Amino acid sequence: MGKRDDLIAKYADDLRTKCGMEPDMALLTKVTIGCGPSIYDADASTVAASQDGELETVKNNFLVKKLGLADSPDLMNAINSVIETYGRSERNKYRAVVYYMLTKHFGKESVYG
């Protein structure tokens, strides 16, 4: 297994243990690949949930640009809901896990089809 496979396994474990959901491994793999090289960078691989600017970036670059959603208050509500599910106190909120949960939340799996 390569480094990416190890990370995907770690993300799947987070989804199971911290978020209480069984991951769709095919979708998780596609979302992880979609994150590109950021998954290998310690800072970029996580979402700083306490920083409003970071949440705006997730909203604009992922939800609006990648998933094609219209900007509305629902987007930030969904991001906050995902952060709550992951656990606000959880230090490492992996970007791929957050993006996976947002993709599932909005039923946008077809983007990764």
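Described below are features of the structure shown in this document. (Residues numbered from 1 in each chain as written. Predicted model: local features only at pLDDT ≥ 70, side-chain atom pairs only at ≥ 80, totals over all residues. Heavy atoms only, no water.)

**Some remarks on the overall build of the protein chain**
Inclusion rule: Each helix corresponds to a stretch of at least 4 residues labelled H or I by DSSP, and each strand to a stretch of at least 2 residues labelled E; elements are numbered beginning at the N terminus. Throughout, radius of gyration means the C-alpha value; the globule benchmark is 2.2 Å times the number of residues raised to the power 0.38. The cut-offs for exposure are 20% and 50% of the maximum accessible area for each residue type, with area from a 1.4 Å probe on protein chains only; residues under the lower value are buried, those over the upper are exposed, and the others partly exposed. Residue burial considers only the protein chains on display, and all accessible areas are found by Shrake-Rupley using a 1.4 Å probe.
When helices and strands are tallied, the protein chain shows five helices and zero strands. If you list the helices and strands of the protein chain from N to C, you get α-α-α-α-α. In terms of overall size, the protein chain behaves like a compact globule, its C-alpha atoms giving a radius of gyration of 13 Å where 113 residues would be expected to give roughly 13 Å. Taken along its principal axes, the extent of the C-alpha atoms in the protein chain is 40 × 35 × 25 Å. Expressed as a percentage of its 113 residues, the buried residues of the protein chain come to 42%. Taken as a whole, the protein chain presents about 5900 Å² of accessible surface, with 48% of it coming from carbon and sulfur.

**Quick word on the environment of A78**
Defined as follows: Note on definitions: a residue-residue contact is assigned when non-hydrogen atoms from the two residues lie within 4.5 Å.
Note on placement: A78 falls in helix 4 (residues 73-86). Along the sequence, A78 and G53 sit 25 residues apart, while their C-alpha atoms lie 16 Å from each other. When neighbours within four sequence positions are excluded, A78 is seen to be in contact with L102, H105 and F106.

**Observations regarding the side chain of D14**
As a reminder of what qualifies: Two N or O atoms form a polar contact when they lie within 3.5 Å of each other; inside protein one atom must be a possible hydrogen donor and the other a possible acceptor, and for residues adjacent in sequence the pair counts only when both atoms belong to side chains.
Within the secondary structure, D14 sits in helix 1 (residues 3-17). At 2.4 Å, the side chain of D14 and the side chain of Y86 are in polar contact. When residues no more than four places from it in sequence are discounted, the contact partners of D14 are C19, Y86, N92, Y94 and V97.

**A short note on the packing of helix 1 against helix 5 (residues 95-105)**
As a reminder, the rule being used: Axes here refer to lines fitted to C-alpha atoms; in helices the fit is confined to the stretch in contact. Angles between the N-to-C directions go from 0 to 180 degrees. Roughly parallel means an angle under 35 degrees; roughly antiparallel, over 145; roughly perpendicular, 65 to 115; everything else is oblique. We call a crossing left-handed when the near helix sits turned anticlockwise from the far one by less than a right angle, and right-handed when that turn is clockwise.
Across the interface, helix 1 lies against helix 5 with an axial gap of 9 Å and an inter-helix angle of 55 degrees. Relative to helix 5, the element helix 1 lies oblique. Crossing of helix 1 over helix 5 shows right-handed handedness. Of the residues in helix 5, those touching helix 1 at Y11, D14 and L15 are A96, V97, Y100 and M101.

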